[in-house]
Amino acid sequence: MQDLLNEQDFIKPQYNPWRWFMLFYGIAASQIVVLQIVMSFWITSYNAVIMYAFYLLFPVITAVWMFTSNTQNFLLPRKIKVLALLGLIAYFSVSNLFINLLKIVFSGAFFRSAFFLQLVSFLNFFILQFGISALIILILSRLIKRKLKHSKIR
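Along each chain, residues carry numbers from 1 onward, in the same order as the chain's sequence is written. The predicted nature of this model means local features are confined to residues of pLDDT at least 70 and side-chain atom pairs, given and counted, to a pLDDT of 80 or more, with totals for whole chains, interfaces and linings taken over all residues. Side-chain measures here rest on the full set of heavy atoms in the structure, leaving out hydrogens and waters.

Draft legend 1. Looking closely at the environment of Leu143. Helical segments are the DSSP runs of H or I of at least four residues, strand segments are the runs of E of at least two, and each set is numbered from the N terminus. By secondary structure assignment, the location of Leu143 is in helix α4 (residues 112-153). Placed 69 residues apart in sequence, Leu143 and Phe74 show a C-alpha to C-alpha distance of 9.6 Å.

Below, the structure is given as structure tokens:
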């Protein structure tokens, strides 16, 4: 009789978004590696503008993709959304910083100003990428929650 009334059979499993988010963190790091390789062979003063646009757009597109791939991600608490976005932007920014520092070390241009410039660039891109991504995700979350709320009412 006890086997027939197992409590675990009736409990709905909790949704764990972190496994899914880890996939996107890997995608973020690989995007930066590919972008760095492409830009290392293709950089000119005109292409620097394109490179900056890619550095700003990739995290935003990946963040939107990360949350739109499963609608349950929009229903997560704001704290988890912010932590997930911080993780994603950290993967973008830290992998980019690491590759740029390796370029500086192996190019022989070992100057303090180059390191300082990379750190300032890292902080600027981190703040800008996180701000844009968080704004878009929070607006989309609010719209989707409102839409789900109205569809449940009807």
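Anyway, onward from the coordinates.
Draft legend 2. Molecular detail of the environment of Phe74. Assignment of secondary structure puts Phe74 in the loop between α2 (45-68) and α3 (78-107). Between the C-alpha atoms of Phe74 and Ile144, which are 70 residues apart in sequence, the distance is 7.3 Å. Other than its neighbours up to four places away in sequence, Phe74 contacts Phe67, Thr68, Lys81, Ile137, Leu140, Ser141, Ile144 and Lys145. Here, two residues are considered to be in contact whenever any of their heavy atoms come within 4.5 Å of each other.

Draft legend 3. Summary view of the environment of Val64. Relative to the helices and strands, Val64 resides in helix α2. When its relative accessible area of 22% is taken as the criterion, Val64 is described as partly exposed. Here the alpha-carbon distance between Val64 and Ser133, two residues 69 residues apart in the chain, equals 7.7 Å. If we skip the residues at most four places from it in the chain, Val64 touches Ile136, Ile137 and Leu140. Accessibility here uses a 1.4 Å probe with only protein chains present; expressed as a share of the type maximum, an area under 20% marks a residue as buried, one over 50% as exposed, and anything in between as partly exposed.

Draft legend 4. Looking closely at the nonpolar core. Among buried residues, those of type Ala, Val, Leu, Ile, Met, Phe, Trp, Tyr and Cys that are joined through side-chain atoms within 4.5 Å constitute a nonpolar core. Phe21, Met66, Phe67, Leu85 and Leu88 are the most contacted members of the largest nonpolar core, which has 25 residues in total. For this core, the secondary-structure elements that each account for two or more residues are α1 (18-42), α2, α3 and α4. Here this core gets 8 residues from one element, more than from any other, and that element is α1. Excluding its chain neighbours within four sequence positions, the residues that come into contact with Met66 are Trp20, Phe21, Phe24, Tyr25, Asn73, Ala84 and Leu88.

Draft legend 5. Quick peek at the packing of aromatic side chains. Ring pairs shown here join Phe, Tyr and Trp side chains whose ring centres sit within 6.5 Å, with only the six-membered ring taken for Trp; geometry is labelled stacked below 30 degrees between planes, edge-to-face above 60, and tilted in between. Following the criterion strictly, the structure yields 9 aromatic pairs and no others. Both rings, one in Phe21 and one in Phe67, keep their centres 5.5 Å apart while their planes meet at 50°; by these two values the pair is tilted. Here Phe67 lies in helix α2 and Phe21 lies in helix α1, a separation of 46 residues in the sequence. Take Phe21 and Phe67: they sit in the same class, and that class is buried.

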